[in-house]
Amino acid sequence: MYFEFIIFVFIAFFGTTYCLICSLKSWRNPAKLPPGPRGIPLFGYLPFLGTIPCKTVAQLSKKWGPIFTLKLGQFPVVFINDYQKMKELYKLETTTGRAHLPLFEKRGVFGLGLLEGEDWREVRKFLLRCLRDSGFGKRSMEGSIQEEVSQTINFIRKNLHKPMYLKPLIEVAVINALWFLMTSEKYDIEDPTKKKVADVLSEGLSDQNIVGIATFLPWLAKLIPNYSGYAKALKYFGAPEELATDIVQKHVKSYDPGNERDFIDQAMSKIYATTDESSMFYKDVGMKNLHYTLIDLFFAGSDTMSSSLGWALLYLSMWPDKQAKVHREIDAEIGRSRIPSIEDRGRMPYMESTMAEVMRFSTMVPFGLLHKSLEDIEFEGYSFPKGTLFLANLYHVFKDEEYWVDPNNFRPERFLSSDGKFKRDERLIPFFIGKRTCIGESLAMIEFFLFLTRLLQHFRFELSPDEPVPHIGPRSGFILPPPKHKLVIFERGQ
Ligand code: HEM
């Protein structure tokens, strides 16, 4: 016993010293990357990122320039703060890699969100094609979204004139629309598995910092899983596993070749037809990629969409003059009784500008996702070795005073030309930039338009007079939903 104890102390002492020396070495010289502030051994700059990392990183760029490195835990991460540099860097094939974080150890490298190189291209190409065919950006999607909006409207009508927390209602509607597209099944919220998933999602990852311990100090995160957010992240990412398994099983049983109903059926016919053993659709590998791609779509398309709508209704309640302008445009172009359709979008520049301003002002995904270099890269005089991690500070791009002049004002008019037309701005990149942008952009914008236009066609939204005005500034987090708040809703009448 005593002998074992001595061995344990011996190993612990030398192990810790070895780790400290390694960490000290790399802390001093993180692979000759662009310079940045040092931080402290073992933790790097993590403890100094503060409560609003995107703001801290933006401030650091004033001193260290648009590209600098922060050692976060055990990983050096290169931060890009400038739009032009992002445009140049992310158009390279070699920056489309993904960080394979310990959080996803159990999953392995499967599914669109984590694949890289040729494997990623194969799955992405297929997904884009078959989702486009089954309604991505096309009219056939419209019906299922409209049904969800109708149900939301019916629910709101029963709860007029009293302060109401809209988030759960919007979340269910958004998940339903997406679930139907992927599985041709209604997402029955009373089903216990689905309820469990909805609850975990609803708890959110808002306090799960993409630049936090769970991501960059995995050994520590595992030692203190509850404090570090590791346990919560595992629970969150693990939640839809059972759901995806069940729905794929159901499709395997009912699969009817030549009669593909939805995304899962189309993926299965591709899997059954694939004979190339190196393909991402071959047999078990194909089924694993289908499973995790479903989960990726589910995650990527639910929180982001419900947050966009949540932010839009909150901002329009805080700035009633902007809401009145949207109301006027809806009345002029659609009236109060006809159901808005996708075709109306092109005739509604104020609505389009409002949606753009919501995306800019909320900066919902402040750092995008981690990218990794797949080869050694020479860029702007720096050498990035294969495996370098990159984060783009979209917050800095969207709140750049030199470019937007008054970035902290909610002002949809900034996206209108002098003759009142919608003016696209290349710096508005909520869906990211370059080769690995969001695959759901067109669906997201259609859904955003249909929900928002129809809700505002029928209702007027006001802040609850009984509650303090919610804090709408940036926070730490991976996807930023609006803060918890209640709105009071009034019918506009026919
Ligand atoms: C307002 C809504 C949305 C926003 C702001 C948004 C934003 C983003 C961003 C910033 C990325 C990271 C790109 C990167 O750095 O690699 C991303 C990736 C992704 N998004 Fe979205 N997204 C939205 C809606 C959706 C929807 C509705 C879907 C699908 C149904 C979706 C599916 C995906 C997928 C699958 C990826 C990973 C793509 C890849 O790795 O190749 N997103 N999104």
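Procedures and definitions
Residues numbered from 1 in each chain as written. Predicted model: local features only at pLDDT ≥ 70, side-chain atom pairs only at ≥ 80, totals over all residues. Near = placed C-beta within 6 Å. Helix = DSSP H or I, 4+ residues; strand = E, 2+ residues; numbered from the N terminus. Nonpolar A, V, L, I, M, F, W, Y, C, P; charged D, E, K, R; others polar. Axes fitted to C-alpha atoms, helices over the stretch in contact; angles between N-to-C directions. Parallel < 35°, antiparallel > 145°, perpendicular 65-115°, else oblique. Contact = placed C-beta atoms within 7 Å. Core = buried A, V, L, I, M, F, W, Y, C linked by C-beta atoms within 7 Å. Buried ≥ 20, exposed ≤ 12 C-beta atoms within 10 Å, placed from the backbone. UniProt positions renumbered as here; feature names shortened; annotations may be inferred. Pairing = 2+ DSSP bridges. Expected span 1.5 Å × (residues − 1).

1. Here we look at the site of the ligand
Neighbouring the ligand are 25 residues; Ala300, Gly301, Thr304, Cys438 and Gly440 lie closest to it. Take the shell around the ligand: its biggest share by element is 7 residues, from helix α14 (residues 283-318). Looking at side-chain class alone, the shell around the ligand contains 15 nonpolar, 7 polar and 3 charged residues.

2. Structural notes on the packing of α14 against helix α16 (residues 349-362)
The interhelical angle for the contact between α14 and α16, taken along N-to-C directions, is 100°, at an axis separation of 10 Å. When the interaxial angle is binned, α14 and α16 end up roughly perpendicular. Contacts between α14 and α16 involve Ser308, Trp311, Ala312 and Tyr315 from the first element and Val358, Phe361 and Ser362 from the second. Partitioned by chemical class, the residues of the contact of α14 with α16 number 5 nonpolar, 2 polar and no charged.

3. A short note on the environment of Leu114
Checked against the element boundaries, Leu114 lands in the loop between β3 (97-98) and α4 (117-133). Each C-alpha atom of the pair Leu114 and Phe104 lies 9.2 Å from the other, and the pair is 10 residues apart in sequence.

4. Details of the nonpolar core
Residues Val78 and Leu452 are the most contacted members of the largest nonpolar core, which totals 122 residues. Here this core gets 15 residues from one element, more than from any other, and that element is α14. Excluding residues within four positions of it along the chain, Val78 makes contact with Leu33, Pro34, Ile67, Thr69, Phe384, Thr388, Leu389 and Phe390.

5. A look at the UniProt feature "binding site: heme" (unreviewed entry) in the chain
Under the local residue numbering, the UniProt record ascribes the feature "binding site: heme" (unreviewed entry) to Cys438. Relative to the helices and strands, Cys438 resides in the loop between α18 (401-404) and α19 (441-458). On the neighbour-count criterion, Cys438 (18 C-beta atoms within 10 Å) is partly exposed. Beyond its immediate stretch of four places on either side in the chain, Cys438 contacts Phe431 and Phe432.

6. Here's the deal with the sheet that holds β3
Pairing is mixed across the open sheet formed by 5 strands, whose spatial order is β1-β2-β7-β4-β3. This sheet does not close on itself; its edge strands, each paired only once, are β1 (67-72) and β3. Bridge count for β1 against strand β2 (residues 75-80) is 6 bridges, and the pairing is antiparallel. Bridging from a neighbouring strand, Phe68 pairs with Phe79 of β2.

7. What to know about helix α6 (residues 167-183)
Over its 17 residues, α6 runs 24 Å from end to end, which matches the ideal 24 Å to within 8%, given 1.5 Å per residue. Counting buried positions over the 17 residues of α6 gives 14, a clear majority of the element. Directly after α6, the chain includes Ser184, whose backbone phi takes a positive value near 50°.

8. Some details on the packing of helix α15 (residues 320-333) against α16
Where α15 meets α16, the axes come as close as 8 Å, and the angle between the chain directions of the two elements is 140°. In terms of their interaxial angle, α15 and α16 are classed as oblique. Of the residues in α16, those in contact with Lys322, Lys325, Val326 and Glu329 of α15 are Tyr350, Met351 and Thr354. Looking at the contact of α15 with α16, its residues break down into 3 nonpolar, 1 polar and 3 charged.

9. A closer look at the environment of Arg328
Mapping Arg328 onto the fold places it in helix α15. In this structure, the C-alpha to C-alpha distance between Arg328 and Tyr350, residues 22 residues apart in sequence, is 9.6 Å.

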